[in-house]
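# Observations on the three-dimensional arrangement
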Amino acid sequence: MKEKIILVFALALLTNMCVAQNKDSIAEPKVKSVFPGITLGTNYTSYWNAEASFLLGLTNTSEKATKIHSMLMHGPTFGFQLARYNHAFRAAPKFSYEYYTNFWGGRICVVDYLDDGIHSIYVSPEAGLSFGSFLNLFFGVNLPVSDAKIAEVKTFRFSATVDLLFFYFEKDKSKRKA
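Quick summary incoming for the structure in this document.

Rules used in this analysis
- Residues numbered from 1 in each chain as written.
- Predicted model: local features only at pLDDT ≥ 70, side-chain atom pairs only at ≥ 80, totals over all residues.
- Heavy atoms only, no water.
- Helix = DSSP H or I, 4+ residues; strand = E, 2+ residues; numbered from the N terminus.
- Buried < 20%, exposed > 50% of the residue type's maximum accessible area, 1.4 Å probe, protein only.
- Contact = heavy atoms within 4.5 Å.
- Areas by Shrake-Rupley, 256 points an atom, 1.4 Å probe, with all protein chains shown as cover.
- Phe/Tyr/Trp six-rings, centres within 6.5 Å; stacked < 30°, edge-to-face > 60°.
- Lys NZ or Arg CZ within 6 Å of the ring centre and 35° of its normal.
- Pairing = 2+ DSSP bridges.
- Salt bridge = Lys/Arg side-chain N within 4 Å of Asp/Glu carboxyl O.
- Core = buried A, V, L, I, M, F, W, Y, C linked by side-chain atoms within 4.5 Å.

### Quick notes on the overall build of the protein chain
- Summing up its helical and strand segments, the protein chain has one helix and nine strands in all.
- Going residue by residue from the N terminus, the α and β elements of the protein chain occur as α-β-β-β-β-β-β-β-β-β.
- Out of the 178 residues in the protein chain, the part that is buried amounts to 37%.
- Of all intrachain contacts in the protein chain linking residues separated by at least 6 positions in sequence, the fraction that spans at least 24 positions is 52%.
- A total of about 11,700 Å² of accessible surface is found on the protein chain, and carbon and sulfur atoms cover 68% of it.

### Details of the packing of aromatic side chains
- Across all of its chains, the model carries six aromatic pairs by this definition.
- Seen in terms of ring centroids, tyrosine 44 and tryptophan 48 are 4.9 Å apart; in terms of plane orientation they differ by 50°. Their pairing is tilted.
- Residue tyrosine 44 is classed as partly exposed on the basis of its relative accessible area of 35%.
- Measuring from ring centre to ring centre gives 5.5 Å for tyrosine 113 and tyrosine 122, while their planes differ by 80°; the resulting arrangement is edge-to-face. The residues tyrosine 113 and tyrosine 122 share a single accessibility class, namely buried.
- Directly above the ring of phenylalanine 89 sits arginine 84, whose terminal nitrogen or CZ lies 5.8 Å from the centroid.

### Overview of the pairing of strand S7 (residues 135-141)
- Residue alternation in S7 divides its side chains into a buried set, Asn136, Phe138 and Gly140, and an unburied set, Leu135, Leu137, Phe139 and Val141.
- The hairpin formed by strand S6 (residues 118-131) and S7 contains three residues between the paired strands, and glycine 132 there has a positive phi angle of roughly 65°.
- Across seven bridges, S7 lies against strand S9 (residues 156-165) in antiparallel orientation. Of the residues in S9, the one forming a bridge with leucine 137 is alanine 160.

### Here's the deal with the pairing of strand S3 (residues 73-85)
- In the sheet, S3 pairs with strand S4 (residues 88-100) via 13 bridges, with the strands oriented antiparallel. Counterpart to histidine 74 in the pairing with S4 is tyrosine 99.
- Where S3 folds back on S4, the antiparallel hairpin that results is connected by two residues, among which asparagine 86 adopts a positive phi of roughly 50°.

### Remarks on the pattern of salt bridges
- The full count for this structure, using the stated rule, is five salt bridges.
- Salt-bridge contacts for arginine 107 lead to glutamate 126; the nearest nitrogen and oxygen are separated by 2.9 Å. Taken as a pair, arginine 107 in strand S5 (residues 104-115) and glutamate 126 in strand S6 lie far apart in primary sequence, 19 residues in all.
- Through salt bridges that share partners, Glu51, Lys94, Glu98, Arg107, Glu126 and Arg157 make up one connected network.

### Let's talk about the nonpolar core
- Formed by Tyr47, Ala83, Tyr85, Ala92, Cys109, Val111, Tyr113, Tyr122, Ile150 and Val153, the largest nonpolar core amounts to 10 residues.
- The set of elements that each furnish at least two residues to this core consists of S3 and S5.
- No other element matches S5, which puts three residues into this core.
- What tyrosine 85 contacts, discounting residues up to four positions off in sequence, is Tyr47, Arg90, Tyr113, Leu114, Asp115, Ile150 and Glu152.
- In this structure, Leu55, Met73, Phe138 and Leu165 belong to the second largest nonpolar core, which totals five residues.

What follows is the structure, encoded as structure tokens:
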């Protein structure tokens, strides 16, 4: 019995040490390129909000993205919304995860609307048109997840954002003189 266990263990160890013979048999890992940027825009929930966020854009391609052909992109954003409601200007911290292609996109946001020290947290899934992950027009809903609710925050939401990805502003490095 002991010899069979040692034999199975030796075979398992030997098969784990075998190397693939053909380079095609090992899948190349996908490289995630990072393209940070700034998101600026507005949204409407019975009143207009201005929004600004820092976008950490990720893409699942090993090729360099070009300025003309935008890529499949996704990533988290951290920012805020600024609006006037209840007779005062208020800033609402915001976290979202965004996903864009050349023609459509979506995001899910968590916004903490502050009203005189009361935190009213909403989750907002949105989807809509994306024009090369540069200009985005989304429709969505605001779903309250906290007990405190703000009367001015309605259920339906419309967002228009512009993503200013930093690689759009880079100079072409291939044309530099050595």
